[in-house]
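So the chains spell out like this:
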Amino acid sequence: MNPVLGRRPRILAATTAAAGLLLVAGCSSGGGGGKTTASGGVPLVKAGQLTTCTHLPYPPFQSEIDGTVQGFDVSLIDLVAKDLGVKQDIVDTPFENFKTGAFLNSEQCDLAAAGMTITPERAKNVDFSDPYFDATQAVLVDKKSGIGSFADLKGKKVGAQAQTTGEEYAKSKGLDPVSFESSDAVLNGLRTGQVQAVVIDYPVVQGWLKDKANADGFKVVDNLNTGEQYGFTVKKGNTKLVAAINKAIKDAKADGTYKKLYEKWIGPYDAAAASASPSAS
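Let us look at the structure shown here.

Thresholds, definitions, all that
Residues numbered from 1 in each chain as written. Predicted model: local features only at pLDDT ≥ 70, side-chain atom pairs only at ≥ 80, totals over all residues. Heavy atoms only, no water. Helix = DSSP H or I, 4+ residues; strand = E, 2+ residues; numbered from the N terminus. Buried < 20%, exposed > 50% of the residue type's maximum accessible area, 1.4 Å probe, protein only. Contact = heavy atoms within 4.5 Å. Salt bridge = Lys/Arg side-chain N within 4 Å of Asp/Glu carboxyl O. Axes fitted to C-alpha atoms, helices over the stretch in contact; angles between N-to-C directions. Parallel < 35°, antiparallel > 145°, perpendicular 65-115°, else oblique. Left-handed = near helix turned anticlockwise from the far one by under 90°. Nonpolar A, V, L, I, M, F, W, Y, C, P; charged D, E, K, R; others polar. Phe/Tyr/Trp six-rings, centres within 6.5 Å; stacked < 30°, edge-to-face > 60°. Lys NZ or Arg CZ within 6 Å of the ring centre and 35° of its normal. Expected span 1.5 Å × (residues − 1). Pairing = 2+ DSSP bridges. Core = buried A, V, L, I, M, F, W, Y, C linked by side-chain atoms within 4.5 Å. Polar contact = N/O pair within 3.5 Å; in protein donor to acceptor, adjacent residues only side chain to side chain.

Further remarks concern the overall build of the protein chain. Within the protein chain, the secondary structure is distributed over 10 helices and 16 strands. Burial statistics for the protein chain: of 281 residues in total, 52% are counted as buried. A separation threshold of at least 6 residues defines the contact pool for the protein chain, and within that pool the share at least 24 residues apart is 74%.

Think of it this way: side chains of opposite charge can pair up when their charged atoms draw near. Applying the stated criterion to the full structure yields 6 salt bridges. Where Glu168 meets Lys99, a salt bridge forms, and the shortest distance between an N and an O atom there is 3.7 Å. With Glu168 in helix α4 (residues 165–172) and Lys99 in helix α2 (residues 96–100), this residue pair connects regions lying 69 residues apart in the sequence. A relative accessible area of 13% means that Lys99 is categorised as buried. Among the salt bridges present, the one from Glu263 reaches Lys259, with a minimum N-O distance of 2.8 Å. Of the two residues, Glu263 and Lys259 both sit in helix α9 (residues 257–265), 4 residues apart, roughly one turn of that helix. Given a relative accessible area of 38%, Lys259 falls into the partly exposed group.

In the contact formed by helix α1 (residues 72–84) and α9, the axes pass within 9 Å of each other and the chain directions differ by 155°. Comparing their axes, α9 and α1 come out roughly antiparallel. Along this stretch, α1 crosses α9, giving a crossing that reads as right-handed. Contact residues: Phe72, Ser75, Leu76 and Leu79 in α1; Thr257, Tyr258, Leu261, Tyr262 and Trp265 in α9. A breakdown of the residues in the contact of α1 with α9 according to their chemical character gives 7 nonpolar, 2 polar and no charged.

This part covers the packing of aromatic side chains. Throughout the structure, instances matching the rule amount to 14 aromatic pairs. For the ring pair Tyr132 and Tyr230, a centre distance of 6.1 Å and an interplane angle of 55° mean the geometry is tilted. One end of the pair, Tyr132, is in the loop between β10 (126–128) and β11 (133–142); the other, Tyr230, is in strand β15 (residues 218–230), with 98 residues separating them in the sequence. For the pair formed by Tyr132 and Tyr230, the shared burial category is buried. In this arrangement the basic side chain of Lys253 is found over the ring face of Tyr258, its NZ or CZ atom lying 5.4 Å from the centre.

To continue, consider α4. All of the buried residues in α4 are Thr165, Gly166, Glu167 and Ala170. In this structure, the buried residues of α4 make contact with β11, β12 (158–161), β13 (178–180), β14 (197–201) and β15. Among the residues trailing α4, Gly174 stands out with phi positive, at a value near 90°.

So, about α1. Here α1 contains 13 residues, and its C-alpha end-to-end distance of 19 Å stays within 8% of the 18 Å for a straight helix at 1.5 Å per residue. Looking only at α1, the buried set comprises Phe72, Asp73, Val74, Ser75, Leu76, Ile77, Asp78, Val80, Ala81 and Leu84. Directly after α1, the chain includes Gly85, whose backbone phi takes a positive value near 75°.

Next up on the list: the pairing of β14. Every other side chain in a regular strand lies on the same face of the sheet, so the side chains alternate between the two faces. Within β14, 5 of the 5 residues are buried, leaving the element largely enclosed by the surrounding structure. Judged from the 2 bridges that link them, β12 and β14 form a sheet pairing that is parallel. By the bridge assignment, Val158 is partnered in β14 with Ala197.

Here we come to the nonpolar core. Membership of the largest hydrophobic core comes to 46 residues, with the highest contact counts inside it found for Leu50, Phe72, Leu84, Phe133 and Trp208. Of all elements in the fold, only α1, β11, α5 (183–191), β14, α6 (202–208), β15, α8 (239–255) and α9 reach the threshold of two or more residues within this core. The element contributing the most residues to this core is α8, with 7 residues. One finds Phe95, Phe98, Leu104 and Ala112 within the second-largest nonpolar core, a separate group that totals 13 residues.

Let us look at the side chain of Thr165. Along the chain, Thr165 falls in helix α4. At 3.5 Å, the side chain of Thr165 and the side chain of Gln137 are in polar contact. In contact with Thr165, other than residues within four places in its own chain, are Thr117, Arg122, Gln137, Asp201 and Glu228.

Below, the discussion takes up the side chain of Gln49. Tracing the backbone through its elements, the reader meets Gln49 in strand β5 (residues 49–54). Residues in contact with Gln49, not counting those within four places in the same chain, are Leu44, Val86, Lys87, Asp89 and Asp110.

So, on to unusual backbone geometry. With omega at -10°, the peptide bond leading from Leu56 into Pro57 counts as cis. By the element assignment, Pro57 lies in the loop between β5 and β6 (63–65). Positive phi is not limited to glycine here, since Asp66 has a value of about 55°. Examined against the element boundaries, Asp66 turns out to sit in the loop between β6 and β7 (68–70). Under the relative-accessibility criterion, Asp66 is labelled exposed at 78%. The phi dihedral of Glu107 falls on the positive side, at around 60°, and the residue is not glycine. Among the structural elements, Glu107 can be located in the loop between α3 (102–105) and β9 (111–112).

So, in structure tokens, the structure goes:
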């Protein structure tokens, strides 16, 4: 199905670091059009908080657990918020807005964190941080499907999340995937037999297979190295916030925090994920 473009943003709680620095009132000088600035002159759309747009659910990067939005992306942006002396506040929005930068341009959010792949097309509308995660696409199938690899998907019912690189990759290989609005809907499609296989980011599949019922019924038959890297996005020209995000990522990789968070949310640490070169965008 198509993304719910008319869905109203939903404000959610997030696990955040306590604010420790005072905000300085004034106009932004680093792009983004914020009405206030945080430590280092970083512009913010709302005083006292770093407002993050995301699209739920997308475990292990962001999902609502016991009423609180948590995940790998959330934890990394918490580090940015801590450096700025503010708290992170999360807004759930349609994924389509991350490609267009709509909620950034309308100043409803300071940044977007949604396990989003850096692409030249998307970089026309938003500015990306340095990459913080290397991703591959996985082919997950029902164990009874008889599918053994991506090559076996021709003629099969294949699912993917709408507006994602997984969907784009499947289409580029001649498939006609069934589009689902969220990653949870993708998994439900596989569970209920709407599709026989799905193509989606491997870390998401890793999270699903931690559940015994999923592991008993499904298996990964292919891992597609598509050269994808995830980045956080900000409004075009918001150079100070990009710099703050990049600094937090760099510091986390240097002091071991990144490794700790990776192991907590994703699984066994992959050193390649921390060696991604800076984005050219």
